[in-house]
Amino acid sequence: MQKSDLKIGDIILAKNPIIEDFSYNLLLVLDLRGNEILCTFINNHNNGLEITDDDLEEGKLGDKRIIEIRRLFTIHLNNCEKIARLKKDSLDKILRALTKYTSNIYFKVFHNKKPFKRIPASGKVLDEEDLFNLIDASLDMWLTAGRFAEEFEKEFPKFLGRRYCALVNSGSSANLIAISALTSYKLGESRLKPGDEVITVAAGFPTTITPIVQNGLIPVFVDVELGTYNINIEQLENAITEKTKAIFLAHTLGNPFHVDKVIEVAKKHDLWVIEDNCDALGSKYKGKFTGTFGDISTVSFYPAHHMTMGEGGAVLTDDPLLYEIMLSFRDWGRDCWCPPGKDNTCGKRFNWKLGNLPYGYDHKYIYSHLGYNLKATDFQAAVGLSQLKKLPNFMEKRKENFNMLYEGFKKEGLDKYFILPQWLIEAEPSWFGFILTIKDDAHFKRKDLLEYLERNGIGTRLLFAGNMIRQPAFTNNDIKYRVIGDLKNTDRIMINTFWIGVWPGINRDRLSSIIEIFKNFFISR
Ligand SMILES: Cc1ncc(COP(=O)(O)O)c(C=O)c1O
């Protein structure tokens, strides 16, 4: 047999048995090197990938066969005869399976259960499926958003119970799109205009607030409650003026805010509601996932979060017009909604007349908004899909870890020093962290405790910006905002609040040691 007669994907028959006492002699060609052929076995009983005659471009096998991707070996060119050839798609599946086999081995050796010395406040939990999904997306060499992004945008909203999802490159981008979308002229009189007010809180993550300012809108800060760290719902209506057009709130650290009341007030005053669900994926309010109540909701997939893509985020809505606008802001501001690599989804690419452009100007290059490019790649979406399968377990583990710390703190009397987390009776939080506020009469400073905890291997975090209006980004810039009352609790949070981890990578032993380390802090004083 000549080398030139053979190609990768050919099925050959070995003339002499390959392994003595083994009858298999049907092989798949995986590579050709000089007179050597790299092959794998095809048999009719072992585990592997099944093929039938439908997988063949040429020749026949008769019965269904199994490709054994785990037994590679070489034979000499003279010892074979070609009998069939696989179709490209079937070969693709087999080569991907082979890659998966080796990437699983790689994961086992280099990434499996790396012990960590410290107990970080947050972390990602990845497995071999996540690694392979990344590789799978690489094998496509598509690079931008593609088939994985499309699938994620279908599966993720299904999981939450929303209609539409735009995958983006971060939770901050999701927040930017959410608020920008509400400024669109396509919303007519309901659109947000510069100078309109958006009610929010100053205790939280900066990028819940910054897109309000970046869009020429005025954030109005209402104080929060200690314990829940959510908006003081009694003060919500006090913040409303005729300029108020939206409420933009996070479910702080996974703890659902008073959804019913927020929606009731929003309905009464005709306000948009945006839920920043970045820290609360999997939390429920009255049995329904948070992130499904607002006109728009956002999610972050940064590694600290409930599931990860490395960097990533999502903007969700049930409203088709808002969805169309969100996509426009995400994709350069364009009017066209074709995904990357596709043209003429609307069927009238050269038949539009918009703006002052001539009739027939290519729809791909018509811009209805001053947009951004905030798309995620297929690598991110691929990991997102494998992480999504594990999300219910991650959520469960976070709850378990939270409960163990909560019960442990109570049992050991640590609630003498700290305000423990509190949540609404209607809420089932999927916690981002275990949040504590040092009581006013405590005889120690947060700085001393956090330094002690960090020295003893417990990672700590503040409630992000503490009080955003005291941050240099606010004090050193001429930012217009309004404050309701004195933000007394927000300031207390800035001074006395912090959180530690409950992420799924922390096991029960680690949680017990956290409680011990806290106890020792007080014994030693
Ligand atoms: C409440 C909240 N919103 C938004 C974000 C921003 O998400 P990202 O880091 O993906 O930009 C975060 C980040 O942790 C957050 O905690």
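Described below are features of the structure shown in this document. Note that the structure is a prediction, hence the values are computed from the model and not measured.

The next subject is the site of the ligand. Near the ligand lie 15 residues; those nearest to it are S170, G171, S172, C278 and S300. In terms of residue count, helix α4 (residues 171-181) provides more of the shell around the ligand than any other element does, three residues in total. For the shell around the ligand, the residue count by class is four nonpolar, nine polar and two charged.

Following both chains from N to C, one finds helix α1 (residues 88-110) and helix α2 (residues 128-140) inclined at 140°, their axes separated by 9 Å at the closest point. In terms of orientation, α1 and α2 fall into the oblique class. The chirality of how α1 crosses α2 is right-handed. Here R96, T99, K100, S103, N104 and F107 of α1 come into contact with α2, specifically with E128, L131, F132, I135, D136 and L139. For the contact of α1 with α2, the residue count by class is five nonpolar, three polar and four charged.

One open sheet holds the three strands; their spatial order is β17-β19-β21, and the pairing between them is antiparallel. Looking at which strands have only one partner, the edges of the open sheet turn out to be β17 (418-419) and β21 (497-501).

Let's shift gears to the sheet that holds strand β12 (residues 272-276). Strand order across the open sheet formed by eight strands is β8-β16-β15-β12-β11-β9-β10-β20, with mixed pairing between neighbours. Looking at strand neighbours, the two that pair on one side only are β8 (164-168) and β20 (482-483), the edges of this open sheet. Pairing of β12 with strand β15 (residues 296-300) involves three bridges; the strand directions are parallel. Pairing of I274 across the sheet is with I296, part of β15.

Within the fold, N456 resides in the loop between α9 (446-455) and α10 (472-475). Taking the number of C-beta atoms within 10 Å as the measure of exposure, N456 has 16 and is therefore partly exposed. Note: C-alpha distance between N456 and I517 (61 residues apart in sequence) is 7.4 Å.

Let us look at the nonpolar core. The biggest cluster of nonpolar side chains holds 108 residues, and the ones touching the most others in it are L167, I177, A314, V315 and M326. Among the elements that take part in this core, helix α8 (residues 378-411) stands out by supplying ten residues, more than any other. Formed jointly, this core draws a minimum of three residues from each of two domains, domain 2 (162-337 + 364-377) and domain 4 (391-523). Contact partners of I177, with chain neighbours within four places excluded, come to A166, V168, V315, M326, F329, R330 and L374. Counting 19 residues, the second-largest nonpolar core is a separate cluster that includes I11, I51, I75 and C80.

What follows deals with the packing of α4 against helix α5 (residues 206-214). Interaxial distance between α4 and α5 falls to 9 Å at its minimum, and their mutual angle equals 35°. The two elements α4 and α5 meet at a crossing, and its hand is right-handed. The segment α4 lies against α5, with S172, N175, L176, I179 and S180 engaging T207, T208, P211 and I212. For the contact of α4 with α5, a count of residues per class yields four nonpolar, five polar and no charged.

A few words now on helix α11 (residues 488-496). The α-helix winds at 3.6 residues per turn, so residues separated by three or four positions along the chain end up facing the same way. Residues N489, T490, R492, I493 and N496 constitute the buried set of α11. Considered in projection along α11, the buried side chains sweep an arc of 160° and stay on one side of the axis. Looking at the buried positions of α11, the neighbouring elements they touch are β19 (433-438), α9 and β21.

About the criteria used
- Going along each chain's sequence as written, the residues are numbered from 1 onward.
- Local features in this predicted model are restricted to residues of pLDDT 70 or higher, and side-chain atom pairs are both shown and tallied only at a pLDDT of 80 or more, whereas totals for entire chains, interfaces and linings draw on every residue.
- Using a C-beta atom placed from the backbone for every residue, we mark a residue as near a molecule or strand if that atom lies within 6 Å of it.
- A run of H or I in DSSP becomes a helix once it reaches four residues, and a run of E becomes a strand once it reaches two; helices and strands are each numbered from the N terminus.
- Gly counts as polar in this scheme, as do all residues outside two lists: the nonpolar Ala, Val, Leu, Ile, Met, Phe, Trp, Tyr, Cys and Pro, and the charged Asp, Glu, Lys and Arg.
- Axis lines are fitted through C-alpha atoms, for helices just across the contact stretch, and the angle between N-to-C directions can take any value from 0 to 180 degrees.
- Roughly parallel means an angle under 35 degrees; roughly antiparallel means over 145; roughly perpendicular covers 65 to 115; every other angle is labelled oblique.
- Crossing handedness: left-handed means the near helix sits turned counterclockwise from the far one by under a right angle, and right-handed means the same turn made clockwise.
- Here, residues touch in the contact sense if the C-beta positions derived from the backbone fall within 7 Å of one another.
- Pairing between strands is defined by DSSP: at least two bridges between them are needed.
- Here the C-beta atoms are placed from the backbone, and a residue counts as buried if at least 20 other C-beta atoms lie within 10 Å of its own, exposed if 12 or fewer do, and partly exposed otherwise.
- Remark: nonpolar core denotes a set of buried Ala, Val, Leu, Ile, Met, Phe, Trp, Tyr and Cys residues whose joining runs through C-beta atoms within 7 Å.
- Domain extents, as shown, originate in an automatic or database domain assignment.
- Directions from the helix axis toward the C-beta atoms define the arc.

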